Amino acid sequence: MSERLSVLKTYKLYVGGKFPRSESGRVYEVTDAKGKWLANAPLSSRKDARDAVVAARKAFGGWSGATAYNRGQILYRIAEMLEGRRDQYAAEVADAEGLSKSKAAAQVDAAIDRWVWYAGWTDKIAQVVGGGNPVAGPFFNLSSPEPTGVVAVLAPQKSSFLGLVSVVAPVIATGNTAVVVASEKSPLPALSLGEVLATSDLPGGVVNVLSGRTAEIAAPLAAHQDVNAIDLAGADEELAKELEIAAADNLKRVLRPQAVDNGDWSATPGTDRMTAFLETKTVWHPTGALGASGSSY
């Protein structure tokens, strides 16, 4: 019996709920920690970045307008789908980061748990960062958080899956949509994540995943007039400075690289990455007066 040839996986971008190749037709070789070839990944172009922004903007109205409870259900569904494909992601993370099978599995488990953690926050963050404000006068004064809009996310370079989830989940949990630039050296777990997102009830365009040269893709995103914010987790110091200058043109919110961005993502993340991409809306409303006494409600 002749030996069977294995079927190699074709990795594609995830944009607008679909799986296109790069419009440039370019690919680049992805290798493991020992330099062994793993796959060819799409080498995204500026046009791919612009297409992803269009998809994210189109999806923003529906996603931001969904109830927080519904967003939580969908994030939890993502965790369910990942749980069913745990072994696949553990193998991809092991190859990408040069980890043992057990350590890679632990990273995947932590990433799944992180989706569940953020799913629980979707309908609670408003109580934490919003509320009634005491004012002098017969007024209700209420502050409530609202999503910023389209957020460009440069995924961490060294943590190909747990770090990726840790920067993507808080962005969409609060109603934003995302254009994600995967780790340049280890993009395969991020590209595979698109397959789970596409089958988890997440509307197309809420998360868009690009692979390629981080600096090449990030530059047009930072300068794009329809991108409202950018997370620089995957940028080095020099690139982060260039992108921050470009982002100032339309007053983007900028989350600068944090100490954890190339380190250990296993700690409980807190709410900082959710509040970084929230705006606060304050509403004044007269309480009204009841009767001659001037009492109010």
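Parameters and conventions
Residues numbered from 1 in each chain as written. Predicted model: local features only at pLDDT ≥ 70, side-chain atom pairs only at ≥ 80, totals over all residues. Heavy atoms only, no water. Helix = DSSP H or I, 4+ residues; strand = E, 2+ residues; numbered from the N terminus. Buried < 20%, exposed > 50% of the residue type's maximum accessible area, 1.4 Å probe, protein only. Polar contact = N/O pair within 3.5 Å; in protein donor to acceptor, adjacent residues only side chain to side chain. Contact = heavy atoms within 4.5 Å. Axes fitted to C-alpha atoms, helices over the stretch in contact; angles between N-to-C directions. Parallel < 35°, antiparallel > 145°, perpendicular 65-115°, else oblique. Left-handed = near helix turned anticlockwise from the far one by under 90°. Core = buried A, V, L, I, M, F, W, Y, C linked by side-chain atoms within 4.5 Å. Pairing = 2+ DSSP bridges. Arc of directions from axis to C-beta. Salt bridge = Lys/Arg side-chain N within 4 Å of Asp/Glu carboxyl O. Patch = residues over 30% accessible without salt bridge, like charges linked within 9 Å, V, L, I, M, F, W, Y side chains within 5 Å. Areas by Shrake-Rupley, 256 points an atom, 1.4 Å probe, with all protein chains shown as cover. Lys, Arg positive; Asp, Glu negative; His and termini not counted. Charge placed at Lys NZ, Arg CZ, Asp CG, Glu CD.

Trainee: How would you summarise the side chain of D231 if you had to cite specific residues and measurements?
Mentor: With respect to the helices, strands and loops of the structure, D231 is situated in strand β8 (residues 229-231). On the basis of relative accessibility, which here comes to 1%, the residue D231 falls in the buried class. Within the local environment of D231, its side chain forms a polar contact with the backbone nitrogen of A233, the two atoms lying 3.0 Å apart. Beyond its immediate stretch of four places on either side in the chain, D231 contacts A152, V153, L154, V167, L255, R273 and F277.

Trainee: Lay out helix α8 (residues 214-223) with the relevant residues and their values.
Mentor: Within α8 the residues assigned to the buried category are T214, I217, A218, P220, L221 and A222. In this structure, the buried residues of α8 make contact with α1 (46-65), β5 (150-154), β6 (177-181), β7 (207-210), β8 and α9 (237-247).

Trainee: Kindly report on the packing of helix α2 (residues 68-84) against helix α4 (residues 101-121), identifying the contributing residues and their values.
Mentor: How two helices pack is summed up by the angle between their axes together with the distance between the axes. Running from amino to carboxyl end, α2 crosses α4 at an angle of 165°, the nearest separation of the two axes being 8 Å. Viewed along their axes, α2 and α4 adopt a mutual orientation that is roughly antiparallel. Along this stretch, α2 crosses α4, giving a crossing that reads as left-handed. Judged by residue contacts, G72, L75, Y76, I78, A79, L82 and E83 of α2 engage I112, W115, V116, Y118 and A119 from α4.

Trainee: Lay out the nonpolar core with the relevant residues and their values.
Mentor: A general trend in soluble globular proteins is that nonpolar side chains are found buried together. Counting 63 residues, the largest nonpolar core has L82, W115, F161, I172 and V207 as its most contacted members. For F161, the contacting residues outside a window of four places in its chain are L82, Y89, V93, E97, V108, A111, P189 and L193. One finds A49, A55, A218 and L232 within the second-largest nonpolar core, a separate group that totals 25 residues.

Trainee: Any details on the pairing of β7? Residues and values, ideally.
Mentor: Residue alternation in β7 divides its side chains into two sets, V207 and V209 and N208 and L210, and both sets are buried. Relative to β7, β6 is paired through four bridges, and the arrangement is parallel. Residue pairing across strands places V179 opposite N208, the latter belonging to β7.

Trainee: Could you give me a rundown of α9, with the residues and numbers involved?
Mentor: Since the α-helix advances by 3.6 residues per turn, residues separated by three or four positions end up pointing in the same direction. For α9, the set of buried residues is L239, A240, L243 and A247. Buried residues in α9, looked at end-on, bunch into an arc of 100°, giving them a common side. Exposed residues on α9 whose side chains face more than 90 degrees from its buried face are E237, E238, K241 and I245. In the core, the buried residues of α9 are packed alongside β5, α8, β8 and β9 (253-255).

Trainee: Could you give an account of the pattern of salt bridges, naming the residues involved and the relevant values?
Mentor: Inspection of every chain in the model, using the stated rule, returns 15 salt bridges. Between K9 and E92 there is a salt bridge, with its nearest N and O atoms 3.9 Å apart. Residue K9 is located in the segment before β1 (27-31), and its partner E92 is located in helix α3 (residues 86-97); the two are separated by 83 residues in the primary sequence. Connected via shared salt-bridge partners are K9, R85, E92 and E195.

Trainee: I'd love a proper account of a negative patch on the surface, names of residues and values included.
Mentor: A cluster of acidic residues, D236, E237, E238 and E242, forms a negative patch on the protein surface. Counting through the fold element by element, D236 comes out in the loop between β8 and α9.

Trainee: Just give me the short version of the sheet that holds β7, but keep the residues and values in it.
Mentor: Reading across the sheet, the five strands line up as β7-β6-β5-β8-β9 and stay open at both edges, with parallel pairing between neighbours. A strand with exactly one partner marks an edge of an open sheet, and here the two such strands are β7 and β9. Direction aside, the axes of adjacent strands within the sheet are offset by 15° on average. The pairing of β8 with β9 spans three bridges and is classified as parallel. Of the residues in β9, the one forming a bridge with I230 is V254. Packed on one face of the sheet, α8 meets β5, β6, β7 and β8 and runs near 150° to β6.

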